[in-house]
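Letter by letter, the chains look like this.
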Amino acid sequence: MNFSKLRTTAGLDVRGKRAIVRVDLNVPMADGRVTDATRLIRIAPCLTDLATRGARVLVISHYERPKGRDPKYSLRPVAEKLSEVLGAPVGFVDDCIGPAVDAAVAALAPGQILVLENLRFHAGEEKNDPEFARALARSGDFFVGEAFSSSHRAHASVDGITRLLPSYAGPLMAQEISALRDALEEPRRPTAAVVGGSKVSTKIPILTNLVRKVDRLIIGGGMANTFLQAQGLDVGKSLSEPDFHGTAREIIAAANASGCVIVLPSDGVVAAELKAGAPSKVVAIDAIPPECMMLDVGPRSIAEMTAGVRECRTLLWNGPLGAFEISPFGEGTFLLAREAAMLTRAGRLASVAGGGDTVAALNAAGVTGDFTYVSTAGGAFLEWLEGRELPGVAALLREAA
């Protein structure tokens, strides 16, 4: 993709114009109230900037996966929380196309913000239906993509609408793209990637792509067990995928061919069961008792992994090294995360992380704010790591018809 074509809202004359801003309002809710406003806080600068410069701002998003119109999935409570986050009134209309929207948009004054109802109340959204895209586009003068987390979906509000309106990347979208390009496409070298999680089978494309891109690949979590087992080691009762031994060996061979060093645990924290406070011990990787499972990397592994990261200038992180949610099996993840955070604060490392479990682990380690960039995108972040073209990003590089 030619990123030189990416246009942003910076410096754009927006006064009096209708800006359709595609954001991600998939926020956790309980009893009709937003319980975590992180995503709203992250889109606030874009909305505030456009409104301050006199745009009439229309906010669009999907929420969950409703089967048609369902009040349970209404964005009304999200709009109310967004108003609180912005410290300014935010209007709401209970549809995203049609006469009610037309009337609400006509009444919108420059500097005002209006949230439209859940896009997925209409089947045309996920089908990328041209008629639905045209109905959306009629409400705006230009389009702003500010939902990187939805950019892996070729839906009407992500792809179709960009064929009809001048389209720009919002500041959050531009920041996300820049961070990922810096980490994966144009990094400061040497580069390292940490890939953890439970299963090799879910991250084969990521691992295959990364061994061609990075200098050092640190593999942890349950997937490390499959790699160890594929090399003839007994991992006891540890989670593993014997059906993917061949795949693991192919990835190792590809790494060797491209000069990428794969780093696997040399010791581990093992226990007979996965529960808080379970008796555990540290053993060498070739001495896992048959009745035990490896639930975290051990101190020698962490020393080797942190030493490797210290030699690097760019770090990409997706997935924990162990069962970090349950004490004491998060120490490996936390120690490596804190080392990466320290190096980032010192200006020695550019660190980019993403994925739901990864964000939760960095939060638990208390270092999220110290990383260069932490992506809240799930599927889109993973597909970028796989080297796939994201429809929502490609759409912003294409001029409207």
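In case you missed it, the structure is sitting above this.
Calculation notes
- Residues numbered from 1 in each chain as written.
- Predicted model: local features only at pLDDT ≥ 70, side-chain atom pairs only at ≥ 80, totals over all residues.
- Heavy atoms only, no water.
- Helix = DSSP H or I, 4+ residues; strand = E, 2+ residues; numbered from the N terminus.
- Pairing = 2+ DSSP bridges.
- Axes fitted to C-alpha atoms, helices over the stretch in contact; angles between N-to-C directions.
- 1 Å grid on protein atoms, 1.4 Å probe; cavity = no way out; pocket = protein on both sides within 12 Å on 5 of 7 lines; lining within 4 Å.
- Points joined across faces, edges and corners; volume = space filled by probe spheres on them.
- Nonpolar A, V, L, I, M, F, W, Y, C, P; charged D, E, K, R; others polar.
- Polar contact = N/O pair within 3.5 Å; in protein donor to acceptor, adjacent residues only side chain to side chain.
- Contact = heavy atoms within 4.5 Å.
- Salt bridge = Lys/Arg side-chain N within 4 Å of Asp/Glu carboxyl O.
- Parallel < 35°, antiparallel > 145°, perpendicular 65-115°, else oblique.
- Buried < 20%, exposed > 50% of the residue type's maximum accessible area, 1.4 Å probe, protein only.
- Phe/Tyr/Trp six-rings, centres within 6.5 Å; stacked < 30°, edge-to-face > 60°.
- Lys NZ or Arg CZ within 6 Å of the ring centre and 35° of its normal.

1. A few points about unusual backbone geometry
Here is step 1: Here the residue pair Arg189 and Pro190 is connected by a cis peptide bond, since its omega of 5° sits within 30 degrees of zero.
Here is step 2: With respect to the helices, strands and loops of the structure, Pro190 is situated in the loop between helix H5 (171-185) and strand S9 (191-195).
Here is step 3: Cis geometry marks the peptide bond from Ser327 to Pro328, where omega comes out at 10°.
Here is step 4: Of note, Asp31 is a non-glycine position whose phi angle comes to about 55°, a positive value.

2. Re the sheet that holds strand S14 (residues 293-297)
Paired through their backbone hydrogen bonds, the strands of a sheet run either parallel or antiparallel.
Here is step 1: Strand order in the open sheet formed by three strands is S13-S12-S14, and the pairing between neighbours is antiparallel. Single-partner strands in this sheet number two, and they are strand S13 (280-284) and S14. Averaged over all pairs of adjacent strands, the angle between strand axes in this sheet comes to 40°, irrespective of strand direction.
Here is step 2: Where strand S12 (residues 267-271) meets S14, four bridges bridge the pair, whose relative direction is antiparallel. Residue pairing across strands places Gly268 opposite Val297, the latter belonging to S14.

3. Quick look at the layout of surface pockets
Empty space left among the atoms is revealed by rolling a probe the size of a water molecule over them.
Here is step 1: Each pocket or cavity is described by its volume, and for the largest pocket that value is around 520 Å³.
Here is step 2: Lining the largest pocket are 34 residues, and of these Gly197, Ser198, Gly222, Pro320 and Gly322 lie nearest its centre.
Here is step 3: When contributions to the lining of the largest pocket are tallied by element, the ones reaching two or more residues are helix H7 (221-230), S14 and helix H11 (356-365).
Here is step 4: Its residues assigned to classes, the lining of the largest pocket shows 15 nonpolar, 14 polar and five charged.

4. Let's talk about the side chain of Ser74
Here is step 1: As for its position among the elements, Ser74 is in the loop between strand S4 (56-60) and helix H2 (76-86).
Here is step 2: Within the structure, Ser74 has its side chain in polar contact with the backbone nitrogen of Arg76 (distance 3.1 Å).
Here is step 3: Once you skip the residues sitting within four places of it in the chain, Ser74 turns out to touch Met29, Phe92, Glu117 and Phe121.

5. A few points about the pattern of salt bridges
Here is step 1: What the rule picks out here adds up to 20 salt bridges.
Here is step 2: Of the charged contacts, one joins Lys213 and Glu185 as a salt bridge, the two residues approaching to 3.1 Å between their closest N and O atoms. With Lys213 in the loop between helix H6 (204-210) and strand S10 (216-219) and Glu185 in helix H5, this residue pair connects regions lying 28 residues apart in the sequence.
Here is step 3: Measuring nitrogen to oxygen at the nearest pair gives 3.6 Å for the salt bridge that ties Lys275 to Glu273.
Here is step 4: What emerges from the salt-bridge pattern is a single network uniting Asp159, Arg163 and Arg398.

6. Structural notes on empty space enclosed by the protein
Here is step 1: Within this structure, the stated rule accounts for two cavities of 30 Å³ or more.
Here is step 2: Lining the largest cavity we find 13 residues, and of these Asp24, Glu146, Ser149, Leu172 and Thr376 sit closest to its centre.
Here is step 3: Among the elements that make up the lining of the largest cavity, the one with the highest residue count is helix H1 (residues 38-52) (three residues).
Here is step 4: Partitioned by chemical class, the residues of the lining of the largest cavity number six nonpolar, two polar and five charged.
Here is step 5: In this structure, the second largest cavity occupies an estimated 60 Å³ of space.

7. Here's the deal with the sheet that holds strand S7 (residues 142-145)
Here is step 1: As summarised here, the arrangement of the six strands in space is S5-S6-S4-S1-S7-S8, forming an open sheet in which the pairing is parallel. The open sheet terminates on both sides in strands that have one partner only, identified here as strand S5 (90-93) and strand S8 (167-169). Each strand axis lies, on average, 25° off the axis of its neighbour in the sheet, ignoring direction.
Here is step 2: Taken together, the five bridges between strand S1 (residues 18-22) and S4 define a ladder with parallel strand orientation.

8. What to know about the packing of H7 against helix H8 (residues 245-258)
Here is step 1: Two elements in contact, H7 and H8, have axes separated by 8 Å at closest approach and are oriented at 85°. Considered as vectors, H7 and H8 are oriented roughly perpendicular to each other. Contacts between H7 and H8 involve Thr226, Phe227, Gln229 and Ala230 from the former and His245, Ala248, Arg249, Ile251 and Ile252 from the latter.
Here is step 2: Residue composition of the contact of H7 with H8, grouped by class: five nonpolar, three polar and one charged.

9. Thoughts on H2
Here is step 1: Of the positions making up H2, those classed as buried are Pro77, Val78, Ala79, Leu82, Ser83 and Leu86.
Here is step 2: Phi for Gly87, located one or two positions after H2, is positive at around 70°.

10. Regarding the packing of aromatic side chains
Here is step 1: Within the structure shown, the criterion is met by five aromatic pairs.
Here is step 2: Taken together, a centroid distance of 6.1 Å and an interplanar angle of 40° make the contact between Phe3 and Trp384 tilted. Taken together, the positions of Phe3 in the segment before S1 and Trp384 in helix H12 (residues 379-385) put the pair 381 residues apart, joining distant regions of the chain.
Here is step 3: A relative accessible area of 15% means that Phe3 is categorised as buried.
Here is step 4: When its relative accessible area of 6% is taken as the criterion, Trp384 is described as buried.
Here is step 5: Seen from their ring centres, Tyr63 and Tyr73 are 6.4 Å apart, and the 50° between their planes marks the pair as tilted. In this pair, Tyr63 is assigned in the loop between S4 and H2 and Tyr73 in the loop between S4 and H2, connecting sequence segments ten residues apart.
Here is step 6: When the ring centre of Tyr168 is taken as origin, the NZ or CZ atom of Arg7, which lies over that ring, is 4.6 Å away.

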